[in-house]
Amino acid sequence: MRDLFVDELLLITPLRDAVGVRLYGEALGAHKAPLAVAVTEHSSLAEEVTVDLTRVTYLSNSVLETLVALARSLTPPRCLRVLAGPELGLLDRLMSYGWDEIGGLRVMSG
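Computed from a predicted structure; not experimentally measured.

What counts, and where the lines are drawn
- Starting from 1, residues in each chain are numbered consecutively following that chain's sequence as written.
- Selection of residues for local features in this predicted model requires a pLDDT of at least 70, selection of side-chain atom pairs for listing and counting requires 80 or more, and totals for whole chains, interfaces and linings are taken over all residues.
- For the side-chain quantities, the full set of heavy atoms in the structure was used; hydrogens and water were omitted.
- Within this scheme a cavity is a closed region of a 1 Å grid, computed over the protein atoms alone, that accommodates a 1.4 Å probe without allowing it to escape, whereas a pocket is open but has protein on both sides within 12 Å along at least five of seven lines; lining residues each have an atom within 4 Å of a point.
- Grid points are joined across faces, edges and corners, and a volume is the space filled by probe spheres set on the points.
- To qualify as a helix, a DSSP run of H or I must reach at least 4 residues; to qualify as a strand, a run of E must reach at least 2; elements of each kind are numbered from the N terminus.
- Whenever a carboxyl oxygen of Asp or Glu lies within 4 Å of a side-chain nitrogen of Lys or Arg, that contact is scored as a salt bridge.
- Buried, partly exposed and exposed residues are distinguished by accessible area as a fraction of the type maximum, computed with a 1.4 Å probe on protein chains only: under 20%, between the cut-offs, and over 50%, respectively.
- Only Phe, Tyr and Trp rings take part, Trp by its six-membered ring, and two of them pair if their centres are within 6.5 Å. Stacked means planes under 30 degrees apart, edge-to-face means over 60, and tilted covers everything else.

Chemist: Explanation requested: empty space enclosed by the protein in the structure shown.
Modeler: One water molecule sets the probe size; rolling that probe over the atoms shows where empty space is left. Scanning the entire structure with this criterion turns up one cavity of 30 Å³ or more. One number sums up the size of the largest cavity: a volume of about 30 Å³. Looking at the largest cavity, the residues that line it are L64, L67, V68, V82, L90, L94, L105 and V107. Elements with a minimum of two residues in the lining of the largest cavity: α2 (61–73), α3 (90–97) and β6 (105–109).

Have a look at this one:
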């Protein structure tokens, strides 16, 4: 994977203790492509790819849609594990769109 992505609002860096990435800052629609590239590159390395959002202060709906699309693209037993703090309201947001039942998506409190 490329070492990292960084702009004025967001930093995406590889995890050291798992296969996946950690995001810092605000994740906007403009960040969908670099996030998708990072997750896709990691998805060939392990069955479970982690996206750590615990240091994200804002997550746009379009980035959430990208995470859902990435999870749907993974064939079992592969999955996308998303860690998020309660301030993002991720579970409620997923439930409001009916995305909480996607088999390849595991959301956990981080």
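Text resumes after the structure shown.
Chemist: Which parts of the structure should I look at to understand the pattern of salt bridges?
Modeler: Where charged atoms from two side chains of opposite charge come close, those side chains can pair. Applying the stated rule across the entire model yields two salt bridges. For D52, the salt bridge identified is with R22, shortest N-O distance 2.9 Å. One end of the pair, D52, is in strand β4 (residues 48–59); the other, R22, is in strand β3 (residues 20–27), and 30 residues separate them in sequence. You can call D52 buried: its relative accessible area is 5%. Here E48 makes a salt bridge to R106, at a shortest N to O gap of 3.4 Å. In this pair, E48 is assigned in strand β4 and R106 in strand β6, connecting sequence segments 58 residues apart.

Chemist: What exactly am I supposed to notice about the packing of aromatic side chains here?
Modeler: Any pair of aromatic rings gets described here by the distance separating the centres and the angle formed by the planes. In the structure shown here, the tally under the stated rule is one aromatic pair. Taken together, a centroid distance of 4.5 Å and an interplanar angle of 20° make the contact between Y97 and W99 stacked. Classification of Y97 by relative accessible area gives partly exposed; the value is 42%. What makes W99 buried here is its relative accessible area of 13%.

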